[in-house]
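# Structural overview for review
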Amino acid sequence: MTAIATATAISLSLPFSLCRSNKSYTRKFVKGSFGVFAVYGEEGGIPDKKSSWLTLFNVEDPRTKVPQSKGKFLDANQALEVARYDLQYCDWRARQDVLTIMLLHEKVVEVLNPLARDYKSIGTMKKELAELQEELSQAHNQVHISETRVSAALDKLAYMEELVNDRLLQERSTVESECTSSSASTSTGLLDTPKSKQPRRTLNVSGPVKDYSSRLKNFWYPVAFSADLKDDTMLPIDCFEQSWVIFRGADGKPGCVRNTCAHRACPLDLGSVNEGRIQCPYHGWEYSTDGKCEKMPSTRLLNVKIKALPCFEQEGMIWIWPGNDPPAATLPSLLPPSGFQIHAEIVMELPVEHGLLLDNLLDLAHAPFTHTSTFAKGWSVPSLVKFLTPASGLQGYWDPYPIDMEFRPPCMVLSTIGISKPGKLEGQSTKQCSTHLHQLHVCLPASRQKTRLLYRMSLDFAPLLKHIPFMQYVWRHFAEQVLNEDLRLVLGQQDRMLNGANIWNLPVSYDKLGVRYRIWRDAVDSGEKELPFSK
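Per an unreviewed UniProt entry, the protein is named Chlorophyll synthase, and its organism is Solanum tuberosum. If you open the UniProt record of the protein and go to Subcellular location (unreviewed entry), you find "Plastid, Chloroplast".

The following block contains the structure:
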């Protein structure tokens, strides 16, 4: 799902030109009840200043690939394609703005160069600096304009995607009865198959989601990114059907307490953080990170304490231990491999049970069928897809895709994707690719039908992308776009599962990693002393 989403983002965000703009014009296309507003076609020249970082911007002009749609009425998919080029142009425009500011910075350095000052009068330097200041002001204004363009383009793209998805759902609903009858006949045929042809292991994941086992709680769970937890803020979270709130104490260390005041059960996250204590908005009671009430305005201080969980901070993430057993002495490491830089950290709340989301993440064979509008667009469908893994283990690699993947208990998926060219997968293994994308997905079980997803994306190339304006919005957009392609399917699975359907009817070879996760999960729930695949 979001594994590989950013591969597409890279392919859409890199082909940008160096042209400085002088004018712009717009084109409008109307189809049905919505319109497409494309902002492309600016003219300009190439900056004459060369520098060591200029090669990052010296790539093909995206305007040459704009769909020729003038005077035409577009259907939903064509309108969506125009909007995608609109977004691509906006990102290119933003890179131009960055380049302009960088060039102006070099000019300022040249003007203030001690050697140059010896040959210039004070008046000349003042005049040059004033001119540069004016150019810099114009460049900053252009950055704000580009930011508005990007925001508008993203809104239009999201709106049209919603229209396209609604149309697809309507078309599929018209043949639902036919699919049901076809499914029934298929099931009858399976029952008639000789038993000698069914020597396969089966899993039963059906019916309402059972209450979480207390044994599943006895693990360290990452629940937030450190960057999202400021000194004067708090983060409410749900974990195993209970509400908690995370905040930093006076010493700067994080704490996790029940999100319920001991006095009148008011949600504490509605309050504020005051000198390292979380203050209830109802009557001002204040609690420290260990759950002890240290202040009760307008009354005598009582010995009151709310439940607090073991909480720890490591490698840019906040961890909690929700179980009753003593916490493990060490926390697992989730950092990307050496040579990677973190480019994005995203948190989302999803209306699906976390096991279903893990099933989806641990399966790549669905990509050429599900993700045809994003990262897998144009992928061929191989005759056989396999997941190759050690005889005993929860990690391995895909064949024929250059992707290494690992399930790490209790709810983490790590993957490394080899990228030979932006947005494409080439080679039979990650070692054959010179550049790579590393991703972490944490599927926190918020409730039996809700998951808190933490997503971290890292690259071992293009470090300057971290400094491009608005890139965090681009990463998030494509992560959500890929995720939404999966959510339609997983939500449908969840609906069928709750009504008794078994979502693991017929496991095949490419389901190996997902099957092993389910075997591990069953072993945890049943209380086995030695868990499978633990070595």
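### Some remarks on the overall build of the protein
Scanning the protein from N- to C-terminus turns up nine helices and 20 strands. The buried share among the 535 residues of the protein stands at 47%. The contacts of the protein with a sequence gap of at least 6 include a subset with a gap of at least 24, amounting to 66%. In the form shown here, the protein has an accessible surface area of approximately 27100 Å², with 52% of it arising from carbon and sulfur atoms.

### Some remarks on unusual backbone geometry
Residue Pro 400 is reached from Asp 399 by a cis peptide bond, and omega for that bond is 25°. Locating Pro 400 in the fold gives a position in the loop between strand E16 (395-399) and strand E17 (403-408). In this chain, Pro 409 is followed by Pro 410 through a cis amide linkage whose omega measures 5°. With respect to the element layout, Pro 410 can be found in the loop between E17 and strand E18 (412-419).

### Things to note about the sheet that holds strand E8 (residues 277-279)
The strands making up a sheet associate through hydrogen bonds between their backbones, and the pairing can be parallel or antiparallel. Ordered by their spatial adjacency, four strands build an open sheet running E7-E8-E9-E10, and the pairing between neighbours is antiparallel. Bordering the open sheet on either side are strand E7 (272-274) and strand E10 (293-295), each of which pairs with just one other strand. Judged from the two bridges that link them, E8 and strand E9 (residues 286-287) form a sheet pairing that is antiparallel. Bridge pairing in E9 links Ile 278 to Tyr 287.

### Comments concerning the state of the cysteines
Under the definition given, this model contains zero disulfides. Take Cys 256: it sits in no disulfide, and the sulfur closest to it among the cysteines is that of Cys 311, at 5.8 Å. Assessed through its relative accessible area of 0%, Cys 256 is described here as buried. Here Cys 266 is not cross-linked by a disulfide; its sulfur's nearest cysteine counterpart is in Cys 280, at 4.2 Å. Cys 266 gets classed as buried once you look at its relative accessible area, which sits at 13%.

### Focus: the pairing of strand E6 (residues 254-258)
Within E6, four of the five residues are buried, leaving the element largely enclosed by the surrounding structure. In this sheet, E6 lies alongside strand E5 (residues 242-248) in antiparallel orientation, the contact comprising five bridges. What sits directly across from Arg 248, in E6, is Pro 254. Counted between consecutive antiparallel strands, the loop separating E5 from E6 contains five residues, among which Gly 252 sits at a positive phi close to 85°. Here two bridges tie E6 to strand E11 (residues 308-309), and the two strands are oriented antiparallel to one another. Bridge assignment links Cys 256 to a residue of E11, and that residue is Leu 309.

### Let's talk about the pattern of salt bridges
On inspection of all chains with the given rule, the structure shows 15 salt bridges. Arg 408 is the salt-bridge partner of Glu 406, the closest N and O atoms lying 3.2 Å from each other. The closest approach of N and O atoms between Arg 521 and Asp 525, which form a salt bridge, is 3.8 Å. Of this pair, Arg 521 and Asp 525 both sit in helix H9 (residues 512-526), four residues apart, which is roughly one turn of the helix. For Arg 521, a relative accessible area of 9% puts it in the buried group. By relative accessible area, Asp 525 is classed as partly exposed at 31%.

### Things to note about the sheet that holds strand E12 (residues 311-314)
The three strands are arranged E3-E13-E12 in an open sheet whose pairing can be described as antiparallel. What marks the edges here is a single partner per strand, and that holds for strand E3 (221-225) and E12. When the angles between neighbouring strand axes are averaged without regard to direction, this sheet yields 30°. Sheet topology note: the E12/strand E13 (residues 317-320) ladder contains four bridges and is antiparallel.

### Points about the packing of aromatic side chains
Scanning the model with the defined rule gives seven aromatic pairs in all. A ring pair is formed by Phe 387 and Trp 398, whose centres lie 5.1 Å apart and whose planes are at 70°; its orientation type is edge-to-face. Taken together, the residues Phe 387 in strand E15 (residues 386-388) and Trp 398 in strand E16 connect sequence positions eleven residues apart. Exposure remark for Phe 387: the relative accessible area of 1% places this residue in the buried category.

### Focus: the environment of Trp 319
Residue placement: Trp 319 occurs in strand E13. With relative accessibility at 1%, the residue Trp 319 sits in the buried group. Along the backbone, Trp 319 and Trp 220 are 99 residues apart, and their C-alpha atoms lie at a distance of 6.3 Å. The contacts of Trp 319, once residues within four sequence positions are left out, are Trp 220, Tyr 221, Pro 222, Pro 310, Cys 311, Phe 312, Gln 314, Leu 331, Pro 332, Leu 334 and Met 412.

The rules behind the values
Residues numbered from 1 in each chain as written. Predicted model: local features only at pLDDT ≥ 70, side-chain atom pairs only at ≥ 80, totals over all residues. Heavy atoms only, no water. UniProt positions renumbered as here; feature names shortened; annotations may be inferred. Helix = DSSP H or I, 4+ residues; strand = E, 2+ residues; numbered from the N terminus. Buried < 20%, exposed > 50% of the residue type's maximum accessible area, 1.4 Å probe, protein only. Contact = heavy atoms within 4.5 Å. Areas by Shrake-Rupley, 256 points an atom, 1.4 Å probe, with all protein chains shown as cover. Pairing = 2+ DSSP bridges. Disulfide = S-S within 2.5 Å. Salt bridge = Lys/Arg side-chain N within 4 Å of Asp/Glu carboxyl O. Axes fitted to C-alpha atoms, helices over the stretch in contact; angles between N-to-C directions. Phe/Tyr/Trp six-rings, centres within 6.5 Å; stacked < 30°, edge-to-face > 60°.

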